[in-house]
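# Examination of the molecular architecture
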Amino acid sequence: MHLKYSRQAAREAAKPPSRRSKHSVDFQPFPHIVTNSVSGEQTTGFPFSERSRAFRDRFFAQAADADWLDWRWQLRNRIKSLAELDRIFELSADERQAVAQRSGALPMGVTPYYASLMSLDDPSQGLRRTHIPVGDEFVKTPGEADDPLGEDHDAAVPGLVHRYPDRVLFLATGFCSTYCRYCTRSRMVGEPGGEYEFSRSQWERALEYIAAHAEIRDVLISGGDPLTLSDERLDYLLGRLRAISHVEFIRIGTKVPVVLPMRITPSLTAILKKHHPLWMSIHFTHPDELTPEVTESTARLADAGVPLGSQTVLLKGVNDDIAIIKPLMHGLLKRRVKPYYLYQCDPITGSSHFRTPVASGLEIIEGLRGHTTGYASPTFVIDAPGGGGKIPLSPDYIVGRDGDDLILRNYEGGEYRYSDAGGTVGAFQTVDGKLS
Ligand code: SF4
């Protein structure tokens, strides 16, 4: 079966319900099957939201439904230049100048799908700020560095970071479908053939290293974005890792299910299923990302038995507000994604306009913990500069100590006593080193 929506139906669907023709059939974006006009590949049941459809009709009118829903079409048609941005967005003078001036690491690139979620005329909209450069990107402040986490220092072989004894970070590619302006790895992503060249021979050296180190039980595959690799290459890498008997646990870190959701094809999920236990950490930023397409991409992954966790970077003026983070966490739970980490933004060069005071993260955690489902609370962490690893931060619920009683406060500020005979937690140290 090959169903294709007509442009007229799409235009009808883009109207508010009150303005639709009396005779139009209520728009049902899925389930349907679309066939790619070039490859012939069929995509079943993938939604095409009204917002994205209206954007496609306006800016990529030549693209059939099957093209838009083909992840390779999305990659081929990424918005990468000032001229392409200008064709779509009403750019501010600051954005225009920053895009024109940009050079060196961290290219600009946005999939048409993800661009469809951005405001066309408001440079302050969250998702737009995370992907379209501004002049602040060129301001370097004290404490910032190109490699703030010291990953290069901990590289056992090129592309393999071995910092903790039992686990490694496998940088499988330098390519991403979209480039986040606050990327911790902005020094290496998007520069094929540059200083950080990713190649098959590099993979082999990394695999040899893992095979030779029996203490490595956990491999996190990241990059760049590993889900931009072809099915064949990903299957090969996962298969090679699975063949190493001491590797118990494989994780993939990715933003693809959010910015390129149509990449989660039945053939990809079939591959992932072959290599269990396989976990996935998905990079989410804002509730605006929780579209019907993302509902489908996460459902496909969850149905393939992949446990899903989220990672969110706290960004000033984008999501540093409980009124934004709470609906995001709730939306993730509804999509079977466990909120996992909330990150303080790393001090990457040119990121000061994104960084929040540490107190903001603590306030947000305090606004979640106890006020909503426990599963909705991620762990707030600072990735310690210089390679210290993730350090969890939590609001302080210990008020003090009264003899054998530990005094605690709950989420509403009420004080409670817990009998902790002989304990020292909550006691204050006096100048002579004794505990009060
Ligand atoms: S998707 Fe991840 S690796 Fe790629 S630019 Fe964004 S933060 Fe960096």
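These lines cover the structure that appears in this document, whether it is placed above or below. (Residues numbered from 1 in each chain as written. Predicted model: local features only at pLDDT ≥ 70, side-chain atom pairs only at ≥ 80, totals over all residues.)

### Section: the sheet that holds strand β11 (residues 379–384)
Pairing is mixed across the open sheet formed by 10 strands, whose spatial order is β3-β4-β5-β6-β7-β8-β9-β10-β11-β12. If you trace the sheet from one side to the other, it starts and ends with β3 (155–157) and β12 (389–393), each paired once. Each adjacent strand pair in this sheet contributes to an overall mean axis angle of 30°, direction not counted. Pairing geometry for β11 and β12, over 5 bridges, is antiparallel. Bridged to Phe380 within β12 is Leu393. Helix-sheet contacts for helix α9 (residues 200–212) involve β3, β4 (160–164), β5 (167–171) and β6 (218–222), and the interaxial angle to β3 is about 100°. (Pairing = 2+ DSSP bridges. Helix = DSSP H or I, 4+ residues; strand = E, 2+ residues; numbered from the N terminus. Axes fitted to C-alpha atoms, helices over the stretch in contact; angles between N-to-C directions. Contact = placed C-beta atoms within 7 Å.)

### Thoughts on unusual backbone geometry
Here the amide bond leading from Gly223 into Gly224 is cis, since omega sits at 25°, within 30 degrees of zero. Structurally, Gly224 is set in the loop between β6 and α10 (231–242). Note that the residue after His276, namely Pro277, is joined by a cis bond; omega there is 0°. Relative to the helices and strands, Pro277 resides in the loop between α12 (266–274) and β8 (278–283). Within the chain, Arg336 stands out as a residue other than glycine whose phi angle is a positive 65°. If you trace the backbone, Arg336 turns up in the loop between α14 (322–334) and β10 (337–344). Given 14 C-beta atoms within a 10 Å radius, Arg336 is considered partly exposed. (Buried ≥ 20, exposed ≤ 12 C-beta atoms within 10 Å, placed from the backbone.)

### A look at the nonpolar core
The biggest cluster of nonpolar side chains holds 80 residues, and the ones touching the most others in it are Val168, Phe170 and Tyr182. Leaving out residues up to four positions away in the same chain, Val168 has contacts with Leu160, Val161, His162, Ile210, Ile216 and Val219. (Core = buried A, V, L, I, M, F, W, Y, C linked by C-beta atoms within 7 Å.)

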